Amino acid sequence: MSTFFGMETMRRAVNTNRTAIQTVGNNVANVNTPGYSRQRVNLQATGGYPATGVWTQPAMNGRVGSGVQVTGIERIRDQLLDRQYRAEAHVEGAAFIQYKILERMEDLYNEAPSDTTTSRLSDQFASFWNGWKELASGKDSQAVLLEQGKAVTDAFTHLQDSFQTEMDMLETEAELTTAKVNQILEQLHATNKDIIAAESSGQVPNELYDVQDRLLDQLSSLVPIQVSRSPKPPEHAATGAEGPYKVELKLGGSETITLVDATEEAPQLLTLEDGMQWTVGDSNQPFTYNGAGGGELVGLQKAHERVGQELEDIKALAQTFAKEVNQIYAFAYSEQGGFGQEFFTIHLDDSGAFSHISVNSELSNNPKALATARFNEEGIKPEYQDEFAEKWAAWENDKDNEEAFRDLLAFLNEADHYVDGKMIIEGNVDVAKEISRLEDSAAIIGKYKDMMGKLGVETKAQRDLTEASNARLANTESNRMAVSGVSLDEEMSLLIQFQHAYNAAARAMTAMDEMLDQIINRLGVVGR
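Counting from 1, residues in each chain are numbered in the order their sequence is written. Only residues with pLDDT of at least 70 are given local features in this predicted model, and only at 80 or more are side-chain atom pairs given and counted; all residues enter the totals for whole chains, interfaces and linings. Excluded from the side-chain calculations are hydrogens and water; all other atoms, namely the structure's heavy atoms, are used.

*Asks:* How would you sum up the overall build of the protein chain? Please name residues and give values.
*Replies:* We count a stretch as a helix when DSSP gives it H or I for four or more residues in a row; a strand needs E for two or more, and each element gets its number in order from the N terminus. The helix and strand tally for the protein chain stands at 12 helices and 9 strands. Our radius of gyration is a C-alpha quantity, and the globule rule it is checked against amounts to 2.2 Å times the number of residues to the power 0.38. At 41 Å, the protein chain has a C-alpha radius of gyration far larger than the 24 Å of a compact globule built from 528 residues. Each of the three principal axes of the protein chain carries a C-alpha extent, and together these read 160 × 50 × 35 Å. The burial tally for the protein chain puts 41% of its 528 residues in the buried class. Restricting to contacts in the protein chain with at least 6 residues of sequence separation, those with at least 24 account for 71%. Note on areas: Shrake-Rupley with a 1.4 Å probe; residue coverage comes only from the protein chains shown. With an accessible surface of roughly 27900 Å², the protein chain has 49% of that area assigned to carbon and sulfur atoms. In this scheme, a residue with accessible area under 20% of its type's maximum is buried, one over 50% is exposed, and one in between is partly exposed, where area comes from a 1.4 Å probe on protein chains only. When checking whether two residues touch, look at their non-hydrogen atoms; a contact exists if any pair is within 4.5 Å.

Below, the structure written as structure tokens:
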């Protein structure tokens, strides 16, 4: 055993505790760093004296310890909690986007009970039916009714425009989110390369592992991913090296698409195609997620589909509303055009699809032309009764039959078919009464109530799902922080512990130095 054996032991102790204090200091410095995992120094006692072997026979019983050494600095991380967090982030990301959009649609309808708001579509419906009732009661309120009809069409147009705007905003949001996903994929790929380079040099780059986990947390809230470490560590990798990540896009079931792989030169990026579909890399096949959750991108896609469906539903309701009123109003006699006039004009776009509805401009410009009287069925001459019944039945049995409708109107517009040519009876307001009874129509009011009920149920379901997912995500994050987060109280305890060990080792080294000084400088000087 060397005379300086103890000095070497204490030197190791001082260096080891200094490294431990440095690690504690690094933890304290990063206490507020997002995604940082606390680190710990792994300590191990070094081999004692004498060593084993033929030439190192023991000269005494037992072995003298030679101190302590650092075997590594590892980060404290629970991979199971990471997987739980990312699985829940998929659900929360998709649910939150859909909930926001459904809530926004509720705001646009604005059908919540209120004592002040009168701009709701249901209010416009009620005013419109009341307008026909007042007309049927004999009031000279044609101009008011036409304004009420215009208010209904404006409400429909406003909702259509609002839903179309929401769809445009979702498409813009999808573009921004896609760019964010691609940026994260590129950062993950670059970090993979840095990790391989560091591990190949025998290092354990804990800070790079943290960067990757933080990026994966962000990515998991955007798209559904499946993550795995490289099963083969780089050559010369040290113990504790975790290796690069392989990131795959989940499509539901076991089907996946690789986005980031350490063996590839570049990541596979997402491209947003028309129709809110995405392709990956050079593939022309759009990916479709078939599982629950899915992240914000999938949530945007589902929300876009839902708003698109609502837009089609409100268009269909507007068409039905205009058609139902027009079918009744067509049998109201107008001196300007006889039977067959329209109350609402249905506009088509360039492709021939429904665009919007408006009040007939001829009526808007001349409210007095508004008719309320129904044709005089009792006044049809007996010899034409059978023909009338036949044409009426043909239309009544198939109200979408345009030819039957026009044929019936042509019959009704022929004055010779009526006794004394009286097509209507003075004071008749049957058309006004019949239109006002549409307030109980299942095709209009019933359909609108069904739409509101469905929207309310969907919104509540998504709100419940979002709140539950948020709670689970918060619990998982809390568990992760309990494992990986920095506790200042714990770090201070460790700091004091390592500081005392450092001071004690330094004091022991000083004592040994004084002993050596006694031996080297003061022995053999007696009598000089």
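*Asks:* Tell me about the packing of helix α3 (residues 121–136) against helix α4 (residues 142–200), and please be specific about residues and values.
*Replies:* To obtain an axis, a line is fitted to C-alpha atoms, over the contacting stretch when the element is a helix, and the angle between two such axes runs from 0 to 180 degrees between their N-to-C directions. Two elements in contact, α3 and α4, have axes separated by 9 Å at closest approach and are oriented at 160°. The orientation of α3 relative to α4 falls into the category roughly antiparallel. Here the hand of the crossing between α3 and α4 comes out left-handed. For the pair formed by α3 and α4, the contact residues are Leu-121, Gln-124, Phe-125, Ser-127, Phe-128, Gly-131, Trp-132 and Leu-135 on the first element and Gln-142, Leu-145, Gln-148, Gly-149, Ala-151, Val-152, Ala-155, Phe-156 and Leu-159 on the second. Residues that form the contact of α3 with α4 fall into these classes: 11 nonpolar, 6 polar and no charged. Note on angle classes: values under 35 degrees are labelled roughly parallel, values over 145 roughly antiparallel, values of 65 to 115 roughly perpendicular, and the remainder oblique. Each crossing is labelled by how the near helix is turned from the far one, with a counterclockwise turn of less than a right angle marking it left-handed and a clockwise turn marking it right-handed. The nonpolar class holds Ala, Val, Leu, Ile, Met, Phe, Trp, Tyr, Cys and Pro. Asp, Glu, Lys and Arg form the charged class, and all remaining residues, Gly among them, are polar.

*Asks:* Explain the side chain of Gln-39 to me, using residue names and the numbers behind them.
*Replies:* Of note, Gln-39 is situated in strand β1 (residues 39–45). Not counting residues within four places of it along the chain, the set of residues in contact with Gln-39 comprises Thr-23, Asn-26, Asn-27, Ile-73, Glu-74, Arg-75 and Asn-206.

*Asks:* I'd love a proper account of the sheet that holds strand β5 (residues 256–260), names of residues and values included.
*Replies:* Between any two strands, pairing holds if DSSP finds at least two bridges. Strand order in this open sheet of 3 strands is β3-β4-β5, and the pairing throughout is antiparallel. At either end of the open sheet lies a strand with only one pairing partner, and these are β3 (225–229) and β5. Sheet twist, expressed as the average angle between the axes of neighbouring strands with direction ignored, equals 30°. By the bridge criterion, 5 bridges tie β3 to strand β4 (residues 245–250) in an arrangement that is antiparallel. Each residue of the ladder has a partner; that of Ser-228, found in β4, is Lys-246. Contacting β4 and β5, α4 runs over the sheet at an angle of about 65° to β5. Of the strands in this sheet, β3 and β4 touch helix α5 (residues 206–220), which is tilted by about 165° from β3.

*Asks:* Any chance you could break down the environment of Thr-345 for me, citing the residues and the numbers?
*Replies:* Turning to its location among the elements, Thr-345 is positioned in strand β8 (residues 344–348). Under the relative-accessibility criterion, Thr-345 is labelled partly exposed at 22%. In sequence terms Thr-345 and Val-526 are 181 residues apart; their C-alpha atoms lie 127 Å from each other. Not counting the four nearest positions on each side in its chain, Thr-345 is found in contact with His-356, Ile-357, Ser-358, Val-359 and Asn-360.

*Asks:* Which residues make up the packing of aromatic side chains, and what values go with them?
*Replies:* Stacked, tilted and edge-to-face are the three classes assigned to paired rings of Phe, Tyr and Trp, where Trp is represented by its six-membered ring and a pair needs centres within 6.5 Å; plane angles under 30 degrees give stacked, over 60 edge-to-face, the rest tilted. Within the structure shown, the criterion is met by 32 aromatic pairs. With 6.2 Å between their ring centres and 85° between their planes, Phe-128 and Trp-132 make a pair best called edge-to-face. With a gap of 4 residues between them, Phe-128 and Trp-132 both fall in helix α3, about one helical turn apart. Here the two residues Phe-128 and Trp-132 agree in accessibility, since each one is buried. Note on Trp-395 and Phe-405: the rings are 6.1 Å apart at their centroids and 35° apart in plane angle, and the pair reads as tilted. Here Trp-395 is found in helix α8 (residues 382–397), whereas its partner Phe-405 is found in helix α9 (residues 402–412), with 10 residues between them in sequence. Across this residue pair, the class does not change: Trp-395 and Phe-405 are buried. One aromatic cluster is present, built from ring pairs that chain together Tyr-109, Phe-125, Phe-128, Trp-129, Trp-132, Phe-156, Phe-163, Phe-321, Tyr-329, Phe-343, Phe-344 and Tyr-448. Criterion for a charge above a ring: Arg CZ or Lys NZ at most 6 Å from the ring centre, at most 35 degrees from the ring normal. Just above the ring of Tyr-245 sits the side chain of Arg-229; from NZ or CZ to the centre is 3.6 Å.

*Asks:* Report on the environment of Val-247, specifying residues and quantitative values.
*Replies:* Locating Val-247 in the fold gives a position in strand β4. Taking the C-alpha atoms as reference points, Val-247 and Ile-225, separated by 22 residues in sequence, lie 6.6 Å from one another. Sequence-distant contacts of Val-247, that is, excluding residues within four places in its chain, are made with Leu-188, Leu-216, Leu-219, Ile-225, Gln-226, Ile-257, Thr-258, Leu-259 and Val-260.

*Asks:* Give a detailed account of the packing of α4 against helix α6 (residues 295–329), specifying residues and quantitative values.
*Replies:* One can describe the packing of α4 onto α6 by two numbers: an axis separation of 9 Å at closest approach and a directional angle of 165°. As far as their axial angle goes, α6 and α4 are roughly antiparallel. You can see that α4 and α6 cross each other, and the crossing is left-handed. Its residues placed into classes, the contact of α4 with α6 shows 17 nonpolar, 6 polar and 6 charged.

*Asks:* Before we move on, could you go through a negative patch on the surface and cite the residues and values that matter?
*Replies:* Residues with no salt bridge and a relative accessible area higher than 30% make up the patches, which join like charges within 9 Å and nonpolar side chains (Val, Leu, Ile, Met, Phe, Trp, Tyr) within 5 Å. Take a side-chain nitrogen of Lys or Arg and a carboxyl oxygen of Asp or Glu: if they are within 4 Å of each other, that pair is a salt bridge. In this count, Lys and Arg are taken as positive residues and Asp and Glu as negative ones, while His and the chain termini are left out. Just so you know, the charge point we use is NZ for Lys, CZ for Arg, CG for Asp and CD for Glu. Side chains of Asp-168, Glu-171, Glu-175, Glu-273 and Asp-274 sit close together on the surface and give a patch of like negative charge. If you tally residues by element for the negative patch, the top one is α4, at 3 residues. Considering the arrangement of structural elements, one finds Asp-274 in the loop between β6 (270–273) and β7 (277–280).

*Asks:* So what's going on with α9? Residues and values would help.
*Replies:* Listed as buried for α9 are Ala-404, Phe-405, Leu-408, Leu-409, Phe-411 and Leu-412. Taken down its axis, α9 places every buried residue within 160° of arc, on the same side. Buried residues in α9 make contact with α8. If you check the start of α9, you find a side-chain oxygen 3.2 Å away from the backbone N of Glu-403, and it comes from Asn-401. The arc refers to the directions leading from the helix axis to the C-beta atoms. Residues adjacent in sequence count toward polar contacts only when both atoms are side-chain atoms; beyond that, a polar contact is any pair of N or O atoms within 3.5 Å, and within protein one must be able to donate a hydrogen and the other to accept it.

*Asks:* Can you explain the environment of Pro-382? Please cite residues and give values.
*Replies:* By the element assignment, Pro-382 lies in helix α8. For the pair Pro-382 and Tyr-502, spaced 120 residues apart in sequence, the C-alpha to C-alpha distance is 120 Å.

*Asks:* Which residues make up the pattern of salt bridges, and what values do they have?
*Replies:* Pairs may arise between side chains of opposite charge once their charged atoms sit close together. Counted according to the given criterion, the structure contains 31 salt bridges. Among the ionic pairs, Asp-213 bridges to Arg-86, the shortest N-O distance being 2.9 Å. Separated by 127 residues along the polypeptide, Asp-213 in helix α5 and Arg-86 in helix α2 (residues 79–109) bring together distant segments of the chain. A relative accessible area of 0% means that Asp-213 is categorised as buried. A salt bridge links Glu-166 to Arg-104; its shortest N-O distance comes to 2.9 Å. With a gap of 62 residues between them, Glu-166 in helix α4 and Arg-104 in helix α2 connect regions that are remote in the sequence. With relative accessibility at 7%, the residue Glu-166 sits in the buried group. Beyond isolated ion pairs, a larger network of salt bridges with shared partners links Arg-75, Arg-77, Asp-82, Arg-86, Asp-210, Asp-213, Asp-217, Arg-229, Glu-242, Glu-477 and Arg-480.

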